[in-house]
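Structural overview for review
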Amino acid sequence: MAGKPPTGDPVQDAPDVAAPQHAAAGLPAIAHTLRVAQQQMGVRRTALTLLKVNQKDGFDCPGCAWPEPDKRHAAEFCENGAKAVAEEATLRRVTPGFFAAHPVADLATRSGYWLGQQGRLTHPMYLAEGATSYEPVTWERAFDLIAEELHALTSPDEALFYTSGRTSNEAAFLYQLFAREFGTNNLPDCSNMCHESSGSALTETIGVGKGSVLLEDLYQADLIIVAGQNPGTNHPRMLSALEKAKAGGTKIITVNPLPEAGMERFKNPQNARGLAGVGTPLTDLFLQIRLGGDQALFRTLGRLVLETEGAVDTDFIREHTHGFEEYERTARAADWDETLRATGLRRAEIEEALRMILASRRTVVCWAMGLTQHKHAVPTIKEVVNLLLLRGDIGRPGAGVCPVRGHSNVQGDRTMGIFERPSAAFLDALEKEFDFTPPREHGLDVVRAIRALRDGDAKVFFAMGGNFVAASPDTEVTEAAMRRARLTVHVSTKLNRSHVITGARALILPTLGRTERDRQSGGDQFVTVEDSMGMVHASRGRLEPASPHLLSEPAIVCRLARRVLGTESTTPWEEFEKDYATIRDRVSRVVPGFEDFNARVARPGGFTLPHAPRDERRFPTTTGKANFTAAPVEYPKAPEGRLLLQTLRSHDQYNTTIYGLDDRYRGIKNGRRVVLVNPDDARTLGLADGTYADLVSEWTDGTERRAPGFRVVHYPTAPGCAAAYYPETNVLVPLDHTADTSNTPASKSLVIRLEQADPA
């Protein structure tokens, strides 16, 4: 029956294991989608809600940031998107009575899956210092408590204002404005943990820290390289775009340590071939690369292009690039033996990839966390850019860079100013528009924010969405750091782990979801989001709010700002809360590309933000041209008897939100504490399939980080590599093990040992 959450926390350490699948979606995806949706929402609510997902007059899916085509299917959502919508539009409720029955100490013993399944939060809740349970609190009292702690700080820089990607453009703009009027650039966000490496690399090389392609470019490409990404689980609607590209003759190379069902074959549930037929094979060449070997691969491909007569676009390089000579010298020195060691590939496989690249006049390279979460992530992505620059494949239709962003509107939040290192131009525009002097010193990113909490240099933590504790590295360090705070505040729709790892005092502030109608005194409001390809469009919820006690994110920020900043602020916070169009008017005068914002977003489908490299072949870098780079090749190395571990998602989760305990495509059922190990490696280590092991990470600080009790699964991973789900394995990621330049946690290249454990 819809609306009934699970009563007990299910056992998660005795999974069933079957052979992995070789195709994604199809009828099983439809059946699973409908079952989950009806359990959470009921039949009628399911139909009313899902038919509005990603429609031009509907709401943006709260899941991934993949763009929508102009012509949309009636069911313009994927299995995991439907799960995200179902959990937000659920009939289940977490009331004050729930918190009375479950002290914080009890909630802290529950799994993230159980916490999330309890339903929507209905009231502001407060955990007083020394109290054992959350109690209901009025909104006025909640804002008083926050103001009290913020005003007691020695410096505004003792406050941290974190943002999750789900936040709308309007809320994000207000949030960063409030933080900067308060006096700090401490605006860490989820980008710090995912695509910060992409932004760092692209800003330096092409001058814009975003992808350069639109959806139509994928359809026009001769070749698409998908590296370090699993669209079948993390961005399932991307499979439809790849299928359409294949129908037009596009070839696809997949570069990944794991074979992934979605990239093998896609059974599109929106057509007969997908429902009743064999589906569409997507990958033409699978390069099963060793973890972290991507930089070496792209460097050697660059060398081979240089050595092929007529393969280099010399006109483009002469007119539009800088640094080619140094890159050429470095690339020509690429060593085959080192490349084969780093990648684990055969020479013939790399040469086949070269033939496909040379046959392509228009190439797109897509990537995600498999490239961004290594110590050498930034030079790896620069090497991707080098290869495309050699062929003139940036600023050409059907070609370019395509970092596939995860959370819906994570890219939009950054565009709106959620960044701890804002540009001088952005701060100048903010100062001119709002007549205050914003701070100029750079703030703290996620890793530095955790250190500040740990060291007592930060005392208030405010999170606009997300599940910071579960998403962050070095779980024990992060949790201890959060407990040192004077006050922790979370603006949330549902319960999660971060609500039970608190400072001396804690608040949970319940907010509207994307699916819900947003009524303010100025009438019904809509918000806007930016997708992974720079398209901005409106999002309008239709459901009645889960509780009359919910506030929208813009309303929360506006009321907080009025209470904290008082009459010293001349910003019209009350007007902003009443009518979001007034927020967009201000955005249009501060953020380039948003001119005439209200009129342009009123058009069905919204508008495309400008992108100088794509639109004009103009590269706004420090040199005024696209920059070749020539960093030394790096790759992670594991001593004998050790493996390289990557953390990843199961098919039944999105980021830290666990929808269920199955990973259908990988053959895992009813459990998450599994480690996928190459059968030859497992036998060498004396670990039979089905035995249990503790995972112990080894790093330079000598600290032992242990994740106990994982079932060993013999799985076709790349030799020397292993994989396991996060957030369960975030405990293994050292806080200081981060990517150079971007400071992103290096969660994809952990050296671990496996110690056999008692299954009990």
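Here, every reference points to the structure presented above.
Residues numbered from 1 in each chain as written. Predicted model: local features only at pLDDT ≥ 70, side-chain atom pairs only at ≥ 80, totals over all residues. Heavy atoms only, no water.

A closer look at the overall build of the protein chain
Secondary structure summary: the protein chain contains 32 helices and 33 strands in total. Scaling as 2.2 N^0.38, a compact globule of 760 residues should have a C-alpha radius of gyration of about 27 Å, and the protein chain matches this with 25 Å. For the protein chain, the spread of C-alpha atoms along the principal axes amounts to about 70 × 60 × 55 Å. Once local pairs closer than 6 in sequence are excluded, the contacts in the protein chain between residues at least 24 apart make up 79%. As displayed, the protein chain offers around 26400 Å² of accessible surface, 51% of which is attributable to carbon and sulfur atoms. (Helix = DSSP H or I, 4+ residues; strand = E, 2+ residues; numbered from the N terminus. Rg over C-alpha atoms; globule rule 2.2 N^0.38 Å. Contact = heavy atoms within 4.5 Å. Areas by Shrake-Rupley, 256 points an atom, 1.4 Å probe, with all protein chains shown as cover.)

Comments concerning the pairing of strand S18 (residues 505-510)
The buried fraction of S18 is high, at 6 of 6 residues. Here S18 shows a buried face lined by Arg505, Leu507 and Leu509 and a second buried face lined by Ala506, Ile508 and Pro510. As paired elements, strand S5 (residues 125-127) and S18 share 3 bridges and run antiparallel to each other. Within S18, the residue paired with leucine 127 across the bridge is alanine 506. Pairing of strand S17 (residues 487-492) with S18 involves 6 bridges; the strand directions are parallel. Bridge assignment links threonine 488 to a residue of S18, and that residue is alanine 506. (Buried < 20%, exposed > 50% of the residue type's maximum accessible area, 1.4 Å probe, protein only. Pairing = 2+ DSSP bridges.)

Focus: the sheet that holds strand S23 (residues 607-608)
With antiparallel pairing, the 3 strands of this open sheet are ordered in space as S21-S22-S23. Of all the strands in the sheet, just strand S21 (527-530) and S23 have a single pairing partner and so form its edges. Note that S21 and strand S22 (residues 535-539) share 4 bridges and pair antiparallel. If you follow threonine 528 over to S22, its bridge partner there is alanine 538. Its contacts with the sheet place helix H8 (residues 169-182) against S21 and S22, and it is angled at close to 90 degrees to S21. (Axes fitted to C-alpha atoms, helices over the stretch in contact; angles between N-to-C directions.)

Description of unusual backbone geometry
Here the bond from tyrosine 726 into proline 727 is cis, since omega is 10 degrees, no more than 30 degrees from zero. Secondary-structure assignment places proline 727 in the loop between strand S32 (721-725) and strand S33 (750-757). Despite not being glycine, aspartate 596 shows a phi value in the positive range, around 55 degrees. Inspection of the secondary structure puts aspartate 596 in the loop between helix H29 (580-590) and helix H30 (597-601). Phi at asparagine 743 is positive, roughly 65 degrees, even though this residue is not glycine. In this structure, asparagine 743 sits in the loop between S32 and S33.

Quick word on the packing of aromatic side chains
Applying the stated rule across the entire model yields 22 aromatic pairs. For the ring pair tyrosine 327 and phenylalanine 628, a centre distance of 5.2 Å and an interplane angle of 20 degrees mean the geometry is stacked. You can see tyrosine 327 sitting in helix H17 (residues 324-332) and its partner phenylalanine 628 sitting in the loop between strand S24 (626-627) and strand S25 (643-648), a full 301 residues away along the chain. Residue class for tyrosine 327 comes out buried when judged on its relative accessible area of 0%. With a relative accessible area of 6%, phenylalanine 628 lands in the buried category. Three or more aromatic residues joined by ring pairs form one cluster here, namely Phe161, Tyr175, Phe178, Phe182 and Phe462. Across the ring face of tyrosine 219, the terminal group of lysine 244 is positioned such that the distance to the ring centre comes to 4.2 Å. (Phe/Tyr/Trp six-rings, centres within 6.5 Å; stacked < 30°, edge-to-face > 60°. Lys NZ or Arg CZ within 6 Å of the ring centre and 35° of its normal.)

Notes on the pattern of salt bridges
A complete count under the given rule lists 64 salt bridges for this structure. Residue glutamate 544 pairs with arginine 519 through a salt bridge whose shortest N-O separation is 3.0 Å. Here glutamate 544, found in the loop between S22 and helix H27 (553-565), pairs with arginine 519, found in strand S19 (residues 518-520); they are 25 residues apart in sequence, far enough to count as distant. Among the residues examined, glutamate 544 registers a relative accessible area of 46% and is labelled partly exposed. One salt bridge in this structure joins glutamate 577 and arginine 559, with 2.9 Å as the shortest N-O distance. With a gap of 18 residues between them, glutamate 577 in helix H28 (residues 573-578) and arginine 559 in helix H27 connect regions that are remote in the sequence. Classification of glutamate 577 by relative accessible area gives buried; the value is 8%. By relative accessible area, which is 31% here, arginine 559 ends up partly exposed. (Salt bridge = Lys/Arg side-chain N within 4 Å of Asp/Glu carboxyl O.)

Description of the pairing of strand S7 (residues 159-163)
Along S7, 5 of the 5 residues are buried, which leaves the element largely enclosed by surrounding structure. Here S7 runs beside strand S16 (residues 460-464); their pairing, made up of 5 bridges, is parallel. By the bridge assignment, alanine 159 is partnered in S16 with valine 460.

Considerations on the sheet that holds strand S29 (residues 674-677)
Overall, mixed pairing links the 6 strands, which are arranged S25-S32-S29-S31-S30-S33 in a closed barrel. Neighbour to neighbour, the strand axes of the sheet diverge by 45 degrees on average, direction disregarded. As defined by bridge partners, S25 adjoins S33 across 3 bridges and the pair is classed as antiparallel. Residue pairing across strands places leucine 645 opposite leucine 750, the latter belonging to S33.

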